[in-house]
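Read off the chains here:
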Amino acid sequence: MAVVDYFIVAVFLLFLFYAGSVFFRWVGSPDDFFVAGRELTPFILAATITATNVNLYSFVGQAGVAYKHGISIIWQTWTGNMALVFSGLFVIPILRRLQVRTIPEFLEMRFSPLVRYLVSFLWIFRLSFWLGVVLYTAVVAAQTLTGFNNFTSWVLIFSVITIIYTMLGGMWSVALTDTLQFVFMLAGALIVLPLAMAAVGWMPGLMQKIAEGHLQLITQSGPYNWKFVLAIWILGIEWACVDQGLLQRAFGASTTKTVAKGLVLAGIVTTPFALLWNFPGLAASVLFPGLENPDAAVPMVMAKLLPHVVLGFVFCGLLAAQMSTISANLNSVATLFTNDLYSRLLRKKATPEDVLRVARRMTIVTGLFMIGFSYLIPKLGGAVEAYLTVIAIMDMPLFVVAILFGLLWKRTRWQGAVFGYFCGALAGIFARFVLHSDVNTATFFSAGASILACFVVTLLLKPKLTADIETIWKAKKTSDEETVSGSHYHIIPVSRWGRFFLWLLFAGLAIFLIGIVFGSQGHQLAGWISCIGMLIYFAAGLIRLNFD
């Protein structure tokens, strides 16, 4: 990078700091800080979710896997987008009607305070670890682009600005700066993709020069084979239903229908974006074979192909992607701590001013955890491997007890939830670190153990229905807010066309799964079959929103 590139980046960072900090005056209550006063529109909600999910983990981590193993890693994004549509249509509207701020808050309503405190404590560290992953990918990109390899210096540069403006403006800063960062990120990615593809001769040249099997969407063997696609689809549903960093934006939606539209739009809009980092990663495998660190693939493409000034602006786009994710999750951890631990355990009579003050302090503390975890990622096999390991072990059991049992079986008691969560986590740890299984197998272990343990313990206990459980079941249908406003959203549509497109959505899902089965047999068209099913699924989900 030349002096002019550094100048562009410096101006961008200062502007971002100013734009984020300006929202300090908008924060007058804890709801303003945590969920933006529940006033986010569908467009802002979709933009902030997209900006949070498209980050340097994608441009560095996933692109690095594409560089080394091929295009099949693209399903991590695509199945996650399918999960956003599923969650937006069926799950998050229920939680939005309950007016909760966090998943642990829902767990107390459904099970008991103990479950809330346990999950809150664990997820503070879980989200801090994810922040460390994102920070690590930013440092890898910066080192490759600039040649300045001081890890600590880059960590501090990327951390301080984001921590400060998130601490001041809370969710308002996160949501509005995410919208700005989304534009920068998209512009930068749209510059890198054609340059990388032109350098290898576009698709004909890439197909001739790339390693055999690297363009196969679903493979029969390898670390990112058909089992990976199935496992990452399951993990995607879990993520879209229980991830606090994602759902805190959804809880800030203005209405139940808004949250459904926002999540569905975010899933569909993000789908073509996966090409913006996977194809440059594939191109890098042709242009720069033999990189010691595959995570440096796309940064290497940028450093070698982009002219000065353009390089500065594209680097701003990557910074925007990284900072939007950091700010979002910093706010989420602060919310978890203040809403689920501080206000419930440490100071039950805390005033709104006390809550805001502690939330801002927790933002700083989380930033320090993030910095610490960023140093561990290289020792865990890189960004993608580290992140998938954690979600397979910690996230999958939470989805099982919170969503599968919490929303589908009234009889489930808190003892079954706790036992199911720990059995699932321990089974995942055993599979990953004792049996040395891949992430796919660890996912199946943790999910299976959670389901079995929660089911058995629940059967051993007498049913106990509470008023809160009845409230949750009522939220599946409607809310007082919708009744007053007259704007209803029905999870199961009441109109004939609405039900038709709902059935079409499930038909698309079935075609997607058939493609995975074909992939297990080595069929060359398996990936295309799954893609067709995915497109039908997306179209049906979007149209269904117009026929309630």
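Quick notes on the rules
Residues numbered from 1 in each chain as written. Predicted model: local features only at pLDDT ≥ 70, side-chain atom pairs only at ≥ 80, totals over all residues. Heavy atoms only, no water. Helix = DSSP H or I, 4+ residues; strand = E, 2+ residues; numbered from the N terminus. Buried < 20%, exposed > 50% of the residue type's maximum accessible area, 1.4 Å probe, protein only. Contact = heavy atoms within 4.5 Å. Areas by Shrake-Rupley, 256 points an atom, 1.4 Å probe, with all protein chains shown as cover. Phe/Tyr/Trp six-rings, centres within 6.5 Å; stacked < 30°, edge-to-face > 60°. Patch = residues over 30% accessible without salt bridge, like charges linked within 9 Å, V, L, I, M, F, W, Y side chains within 5 Å. Salt bridge = Lys/Arg side-chain N within 4 Å of Asp/Glu carboxyl O. Core = buried A, V, L, I, M, F, W, Y, C linked by side-chain atoms within 4.5 Å. Expected span 1.5 Å × (residues − 1). Axes fitted to C-alpha atoms, helices over the stretch in contact; angles between N-to-C directions. Parallel < 35°, antiparallel > 145°, perpendicular 65-115°, else oblique. Left-handed = near helix turned anticlockwise from the far one by under 90°. Nonpolar A, V, L, I, M, F, W, Y, C, P; charged D, E, K, R; others polar. Disulfide = S-S within 2.5 Å. pLDDT = per-residue confidence, 0-100. Polar contact = N/O pair within 3.5 Å; in protein donor to acceptor, adjacent residues only side chain to side chain.

Colleague: Whenever I open this one, the overall build of the chain confuses me. Can you help?
Modeller: Secondary structure assignment for the chain yields 23 helices and 0 strands. The buried share of the chain, taken over its 548 residues, is 62%. Contacts in the chain between residues far apart in sequence, at least 24 positions, make up 85% of those at least 6 positions apart. For the chain, the exposed area adds up to about 20,400 Å²; of that, 70% sits on carbon and sulfur atoms.

Colleague: Mind showing me how you'd approach the packing of aromatic side chains here?
Modeller: Remark: the centre distance and the inter-plane angle together describe each pair of aromatic rings, the angle taken between the planes. In this structure the tally under the stated criterion is 19 aromatic pairs. With 5.2 Å between their ring centres and 85° between their planes, Trp-75 and Trp-78 make a pair best called edge-to-face. Here Trp-75 and its partner Trp-78 are both found in helix H5 (residues 74-97), 3 residues apart, which amounts to about one turn of the helix. The exposure classification of Trp-75 matches that of Trp-78, with both residues buried.

Colleague: Looking at this structure, I do not really get the environment of Phe-373. What am I missing?
Modeller: Along the chain, the position of Phe-373 falls in helix H16 (residues 352-374). Separated by 238 residues in the primary sequence, Phe-373 and Leu-135 place their C-alpha atoms 8.9 Å from one another. Setting aside residues up to four positions removed in sequence, Phe-373 forms contacts with Phe-125, Ser-128, Phe-129 and Gly-132.

Colleague: Looking at this structure, I do not really get a nonpolar patch on the surface. What am I missing?
Modeller: Together, Phe-422, Leu-426, Ile-429, Phe-430, Phe-433, Val-434, Leu-435 and Phe-445 make up a nonpolar patch on the protein surface, roughly 740 Å² of accessible area in all. Per-element tally for the nonpolar patch: the top contributor is helix H18 (residues 414-434), with 6 residues. In this structure, Leu-426 sits in helix H18. Looking at Leu-426, the relative accessible area reads 56%, which means it is exposed.

Colleague: Can you walk me through the nonpolar core in this structure?
Modeller: As a rule of thumb, soluble globular proteins bury nonpolar side chains together. Of all hydrophobic cores here, the largest spans 163 residues; its most connected members are Trp-75, Leu-107, Phe-158 and Leu-398. At 19 residues, helix H7 (residues 113-146) tops the list of elements feeding residues into this core. Residues in contact with Leu-398, not counting those within four places in the same chain, are Leu-107, Val-119, Trp-123, Val-242, Ile-403 and Tyr-421.

Colleague: Is there a simple way to explain H18 in this structure?
Modeller: Quick reminder: α-helices carry 3.6 residues per turn. Residues three or four places apart thus point the same way. For H18, built from 21 residues, the straight-helix expectation of 30 Å at 1.5 Å per residue is met to within 8% by its first-to-last C-alpha distance of 29 Å. Note on H18: the residue one or two positions beyond its end, His-436, has a positive phi of about 55°.

Colleague: Looking at this model, I keep getting lost on the pattern of salt bridges. Mind explaining?
Modeller: Opposite charge on two side chains permits them to pair, given that their charged atoms come into close proximity. Inspection of every chain in the model, using the stated rule, returns 4 salt bridges. The residue Glu-470 makes a salt bridge to Lys-410 at a minimum N-O spacing of 3.5 Å. Placement of the pair is Glu-470 in helix H20 (residues 467-474) and Lys-410 in the loop between helix H17 (383-408) and H18, with a sequence separation of 60 residues. Owing to a relative accessible area of 37%, Glu-470 belongs among the partly exposed residues under this scheme.

Colleague: I would appreciate a short explanation of the side chain of Ser-87 in the present structure.
Modeller: Positionally, Ser-87 belongs in helix H5. By relative accessible area, Ser-87 is classed as buried at 0%. Setting aside its immediate chain neighbours within four residues, Ser-87 contacts Ile-92, Pro-93, Ala-240, Cys-241 and Leu-263.

Colleague: Please explain the packing of helix H9 (residues 202-209) against helix H13 (residues 274-287) as it appears in this structure.
Modeller: A packed helix pair is summarised by two numbers, namely the angle formed by the two axes and the spacing between the axes. Close contact between H9 and H13 brings their axes to 10 Å; oriented N to C, the two are set at 55°. Between H9 and H13, the crossing angle belongs to the class labelled oblique. Judged by the sense of rotation from one axis to the other, the crossing of H9 with H13 is left-handed. Residues Met-203, Leu-206 and Lys-209 of H9 pack against Phe-279, Leu-282, Ala-283 and Val-286 of H13. Partitioned by chemical class, the residues of the contact of H9 with H13 number 6 nonpolar, no polar and 1 charged.

Colleague: For this particular structure, what's the right way to read unusual backbone geometry?
Modeller: Leaving glycine aside, a negative phi is the common case for residues, and trans is the common case for peptide bonds. The backbone phi angle of Trp-202 is positive, close to 55°, even though this residue is not glycine. With respect to the helices and strands, Trp-202 occurs in helix H9. Phi at His-436 takes a positive value of approximately 55°, unusual for a residue other than glycine. On the accessibility criterion, His-436 (64% relative accessible area) is exposed.

Colleague: Would you mind going over the packing of helix H10 (residues 226-242) against helix H19 (residues 439-460) with me for this structure?
Modeller: Where H10 meets H19, the axes come as close as 9 Å, and the angle between the chain directions of the two elements is 45°. With respect to their mutual orientation, H10 and H19 come out oblique. As H10 runs across H19, the sense of the crossing is left-handed. Here Lys-227, Phe-228, Leu-230, Ala-231, Ile-234 and Leu-235 of H10 come into contact with H19, specifically with Asn-440, Thr-443 and Phe-444.

Colleague: Looking at this structure, how should I read the state of the cysteines?
Modeller: If you walk through the whole model with that rule in mind, you get 0 disulfides. Summary of cysteine pairing: Cys-423 is not part of a disulfide, and the nearest cysteine sulfur, belonging to Cys-454, is at 9.8 Å. Given the relative accessible area of 23%, Cys-423 is considered partly exposed. With a relative accessible area of 0%, Cys-454 lands in the buried category.

Colleague: Could you clarify how one ought to interpret the confidence of the model for the chain in this entry?
Modeller: In low-pLDDT segments, the atomic positions of the prediction should not be examined closely. Overall, the predicted model of the chain reaches an average pLDDT of 81, with 83% of residues at or above 70. Contacts for the low-pLDDT stretch residues 32-37, under 50 throughout, to residues beyond four places or in other chains number 35 contacts.

Colleague: In this structure, what is going on with the side chain of Ser-374? I would like to understand it.
Modeller: Considering the arrangement of structural elements, one finds Ser-374 in helix H16. Given the relative accessible area of 0%, Ser-374 is considered buried. Among the polar contacts listed, one links the side chain of Ser-374 to the backbone oxygen of Ile-371, at a separation of 2.6 Å. Sequence-distant contacts of Ser-374, defined by excluding residues within four places in its chain, comprise Gly-132, Leu-135, Tyr-136, Phe-151 and Val-155.

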